[in-house]
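Geometric and topological summary
Residue-level listing of the chains:
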Amino acid sequence: MNTGPVVPAEAVCTDALPGAALGGPVGHAVTRVARLHRIAAGKLLRGLGLYPGQELLMTHLWDSGPVRQAELIKALDLDPSTVTKMLQRLEQTGHVRRRPDPDDRRAVLVEATDESCALHAAVRDAWGSLEGHTLAGLDSAERTELTRLLAKVEGNLCRETEGCPERG
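Basis of the calculations
Residues numbered from 1 in each chain as written. Predicted model: local features only at pLDDT ≥ 70, side-chain atom pairs only at ≥ 80, totals over all residues. Heavy atoms only, no water. Helix = DSSP H or I, 4+ residues; strand = E, 2+ residues; numbered from the N terminus. Buried < 20%, exposed > 50% of the residue type's maximum accessible area, 1.4 Å probe, protein only. Contact = heavy atoms within 4.5 Å. Areas by Shrake-Rupley, 256 points an atom, 1.4 Å probe, with all protein chains shown as cover. Polar contact = N/O pair within 3.5 Å; in protein donor to acceptor, adjacent residues only side chain to side chain. Expected span 1.5 Å × (residues − 1). 1 Å grid on protein atoms, 1.4 Å probe; cavity = no way out; pocket = protein on both sides within 12 Å on 5 of 7 lines; lining within 4 Å. Points joined across faces, edges and corners; volume = space filled by probe spheres on them. Nonpolar A, V, L, I, M, F, W, Y, C, P; charged D, E, K, R; others polar. Pairing = 2+ DSSP bridges. Axes fitted to C-alpha atoms, helices over the stretch in contact; angles between N-to-C directions. Arc of directions from axis to C-beta.

Attention shifts here to the overall build of the protein. Summing up its helical and strand segments, the protein has seven helices and three strands in all. Reading the protein from its N terminus to its C terminus gives the helix and strand order α-α-α-β-α-α-β-β-α-α. Across the 168 residues of the protein, 23% fall into the buried class. Pairs at least 24 apart in sequence give 46% of the contacts found in the protein among residues at least 6 apart. For the protein, the exposed surface amounts to about 11,900 Å²; the carbon and sulfur share of it is 56%.

In structure tokens, the structure reads:
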């Protein structure tokens, strides 16, 4: 009985890149690193009672002050339903407040609450911890060079991406 193609043992037991990555080993590496970074960030954020992405929303509010919900959606470059769900969860935990915009009652203003100040410090500490873990083993010059190279890669991608989000 034939159950499928026979794969030679030497093809299975190699450190070679997967076939999908043969044309782009850097892209493959960036994808793997981004995925692992997101997983590590998610673990740290769960310890703060946040879902990934909520810290970016909160950071925008802490930096900008009250903003219209539509502006927040645009700044985060996320689907409106995703931002609405994030805001509902953050509102339930007391970190944000939504209210009608006094200049336009049809618009909604979103702002961080005073209660979110403790979360602000915790998010900053979590991202600092993630930075240390991510860059462990790299000296100062290597960290600077990595930051410089990633900025160049980001610039390249932004030139090719319609509606590239503003660099943060």
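Now that the structure has been shown, we can carry on.
Secondary-structure assignment places Ser 116 in the loop between strand 3 (104–112) and helix 6 (117–134). For Ser 116, the side chain forms a polar contact with the main-chain oxygen of Thr 113, separated by 2.7 Å.

Moving on to the environment of Ser 129. Position of Ser 129 among the secondary structure elements: in helix 6. A sequence separation of 85 residues divides Ser 129 from Leu 44, and the C-alpha atoms of the two residues are 8.7 Å apart.

On to helix 2 (residues 25–46), then. Its 22 residues give helix 2 an end-to-end C-alpha distance of 32 Å, which sits within 8% of 32 Å, the value for a rise of 1.5 Å per residue. Looking at the buried positions of helix 2, the neighbouring elements they touch are helix 3 (54–64) and helix 6.

Space inside the second largest pocket adds up to approximately 270 Å³. Along the walls of the second largest pocket sit Arg 38, Pro 52, Gly 53, Leu 56, Thr 59, His 60, Ala 75, Leu 76, Leu 78, Thr 82 and Met 86, which together make up its complete lining. Sort the elements by how many residues they give to the lining of the second largest pocket and helix 3 lands first, with three residues. By residue class, the composition of the lining of the second largest pocket is six nonpolar, four polar and one charged.

Before going further, it helps to examine the sheet that holds strand 3. Neighbouring strands of a sheet are bound in pairs by backbone hydrogen bonds; such pairs are parallel or else antiparallel. The strand order 1-3-2 describes an open sheet built from three strands, whose pairing is antiparallel. The open sheet has two free edges, formed respectively by strand 1 (67–68) and strand 2 (96–101), since each of these has just one partner strand. Relative to strand 3, strand 2 runs antiparallel, the two being bridged by six bridges. Bridge pairing in strand 3 places Arg 97 opposite Glu 111. Most of the contacts of helix 5 (residues 80–92) go to strand 2, to which it runs at about 115 degrees, and overall it touches strand 2 and strand 3.

It is worth spelling out unusual backbone geometry at this point. Backbone geometry places Asp 77, a non-glycine residue, at a positive phi of 55 degrees. Among the secondary structure elements, Asp 77 is positioned in the loop between helix 4 (69–76) and helix 5.

With that settled, the discussion passes to helix 3. Those residues of helix 3 that fall on the buried side of the exposure criterion are Gln 54, Glu 55, Leu 57, Met 58, Leu 61 and Trp 62. For helix 3, the angular spread of buried residues about the axis comes to 160 degrees, placing them on one side. Following helix 3 by one or two positions, Gly 65 has its phi on the positive side, about 80 degrees.

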